[in-house]
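Listed below are the residues making up each chain.
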Amino acid sequence: IYILAIESSCDDTAAAILHNSKALSNIVATQHIHEAYGGVVPELASRAHQQNIVPLVHQALTEANIDKKQLSAIAFTRGPGLLGSLLVGTSFAKSLSMGLGVPLIEVNHMEAHILSHFLKDDDRDPPTFPFLAMTISGGHTQIVLVKDYFDMEVLGETLDDAVGEAFDKSAKLLGLPYPGGPLIDKYAKDGDPDKYRFPIPKVDGLDFSFSGLKTSVLYFLQRETAKDPGFVEKERDNICASLQKTIVEILMKKLSKAVDDYGITQVALAGGVAANSGIRNALKTAELERGWKAYIPPFEYCTDNAAMIGIVGYFKYLDNRFSDLKTPAKARYTIGS
Ligand code: ATP
Ligand code: FE
């Protein structure tokens, strides 16, 4: 089975070809235009998707070395995401499925982040059900109980900012370009994580909150630069290390609670923030010291990509879960709905 998968939920246009559960090509066009604005501008994102999508799909087919006539189905991201961005991928997928006379398969982007663990890879085994998934990305922070491919339950999520936003907004306050998460990670490596303290929010159950952290970083930087205008420049690495330590602590506290509450020690990370070395190391430590089994996808499957849309498409294809041409894009689209 050959699946063409299309992802256009935010600011990356992506296309992939899968042969069964293996990605033959996985191409992402990152839109750099947003960097100048310090965040994604929806209208610009949507226009860039329109320009990118046709050449990108061509490239995905060429790299996979297959002809579009060989495709068994077209999978696309239905949501959640920016409506204008989703519309481009949705409309393109529908037209192509109609033109080629092959089935159309809608995919929930957040389920795809989780199921990216099932993309065939000779170096790793996929998790076995049931497992806990922590999806940490630019728009989401969730702990999900994954009982089966299409049986997932959100156990907890952020009440305000996503963890990726906490990274990016803090980075912005430090004067770093967007997206600042990877830069905080980079500078943290040379800093002292115990130099500064930021508060750990008190939130019930398995939910998260990150907006308080952002505010405390703002006040901290205002206070310190009032005393010494060169503070950020001198202390950048220590601030990044301390901040990253705090964020990792917040994530690990909730994940540990979920492991205890549900008695499941298989833990899978998903989403762009799973690239963060702090959270990766914390999970490796938990494997050694607490007997967890941790699953972390390769970097290209952590951030937004179309291969993860393709793997969901493949499982749905096997299960005859096809979509109607009338299926609208859905900006808000919760897991399991
Ligand atoms: P969503 O999937 O919720 O719609 P998104 O697709 O925008 O959100 P992703 O592409 O999954 O998010 O992840 C992007 C986020 O990951 C950004 O906030 C970015 O700063 C963050 N990020 C990427 N690498 C790192 C890193 N090494 N450390 C910290 N954050 C990182
Ligand atoms: Fe994403």
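Residues numbered from 1 in each chain as written. Chains lettered and ligands numbered in written order. Predicted model: local features only at pLDDT ≥ 70, side-chain atom pairs only at ≥ 80, totals over all residues.

A look at the site of ligand 1
Convention followed: Residue proximity rests on one test: whether the C-beta atom, placed from the backbone, lies within 6 Å of the molecule or strand. Comment: elements are numbered from the N terminus, with helices defined as DSSP H or I runs of at least four residues and strands as E runs of at least two. Classification used: nonpolar for Ala, Val, Leu, Ile, Met, Phe, Trp, Tyr, Cys and Pro, charged for Asp, Glu, Lys and Arg, polar for all others including Gly.
Ligand 1 sits among 23 residues. The nearest are Gly138, Gly139, Gly164, Gly181 and Gly272. Only helix H3 (109-115), helix H4 (163-173) and helix H5 (181-188) provide two or more residues apiece to the shell around ligand 1. In terms of residue class, the shell around ligand 1 is built from six nonpolar, 14 polar and three charged.

Here we look at the sheet that holds strand S3 (residues 22-30)
For clarity, the cut-off: The pairing criterion is simple: DSSP has to find at least two bridges between the two strands. Every axis in this analysis is a line fitted to C-alpha atoms, fitted for helices over the stretch in contact. Angles between the N-to-C directions lie between 0 and 180 degrees. Each residue gets a C-beta atom placed from its backbone, and two residues are in contact if those atoms lie within 7 Å.
One open sheet accounts for five strands, arranged S3-S2-S1-S4-S5; its pairing is mixed. Either end of the sheet is taken by a strand with one partner, and the two such strands are S3 and strand S5 (104-108). Shown here is a sheet whose adjacent strand axes are inclined to one another by a mean of 20 degrees, direction ignored. With four bridges connecting them, strand S1 (residues 2-7) and strand S4 (residues 73-79) associate as parallel partners. In the strand pairing of S4, leucine 4 is matched with isoleucine 74. Along the sheet face, helix H1 (residues 42-64) touches S1, strand S2 (12-19) and S3 and points at about 25 degrees away from the line of S2. On top of the sheet, helix H2 (residues 83-100) reaches S1, S4 and S5; it is set at about 155 degrees to S4, its chief contact.

Regarding the pairing of S1
In plain terms, the rule: Every C-beta atom is placed from the backbone, and the number of other C-beta atoms within 10 Å of a residue's own sets its class: buried at 20 or more, exposed at 12 or fewer, partly exposed in between.
For S1, a buried count of six out of six residues is recorded, marking the element as mostly surrounded by other parts of the structure. Across the two faces of S1 the burial is the same, with Tyr2, Leu4 and Ile6 and Ile3, Ala5 and Glu7 all buried. Connecting the antiparallel pair S1 and S2 is a turn made up of four residues.

Details of the confidence of the model for the protein chain
Where the model shows low pLDDT, its predicted coordinates should not be examined in detail. To be explicit about the condition: A residue's pLDDT is the predictor's confidence in that residue, given on a scale from 0 to 100.
A residue-level look at the protein chain finds 100% of positions with pLDDT of 70 or above and a mean pLDDT of 95. The ipTM for the predicted assembly is 0.98, set against a pTM of 0.93.

Re the sheet that holds strand S10 (residues 293-295)
As summarised here, the arrangement of the five strands in space is S8-S7-S6-S9-S10, forming an open sheet in which the pairing is mixed. In this open sheet, the two strands that pair with only one neighbour each are strand S8 (151-157) and S10. Going from strand to strand, the sheet's axes swing by 25 degrees on average, the running direction of each strand aside. In this sheet, S8 lies alongside strand S7 (residues 141-148) in antiparallel orientation, the contact comprising six bridges.

Remarks on the UniProt feature "binding site: Fe cation" (unreviewed entry) in the protein chain
Filter applied, for reference: UniProt positions are given in the numbering used here, feature names are shortened, and annotations may be inferred rather than shown by experiment.
In the numbering used here, UniProt assigns the "binding site: Fe cation" (unreviewed entry) feature to His109, His113 and Asp304. Spanning 196 residues, the named residues form one tight spatial group whose C-alpha atoms are at most 8.9 Å apart. Tracing the backbone shows histidine 113 in helix H3. For histidine 113, the contacting residues outside a window of four places in its chain are Thr135, Ser137, Ala270, Gly271 and Met308. Its place among the elements puts aspartate 304 in the loop between helix H9 (299-302) and helix H10 (307-318). According to the C-beta neighbour criterion, aspartate 304 is buried, with 27 such atoms within 10 Å. Excluding its chain neighbours within four sequence positions, the residues that come into contact with aspartate 304 are Glu7, Cys10, Asp12 and Ala14.

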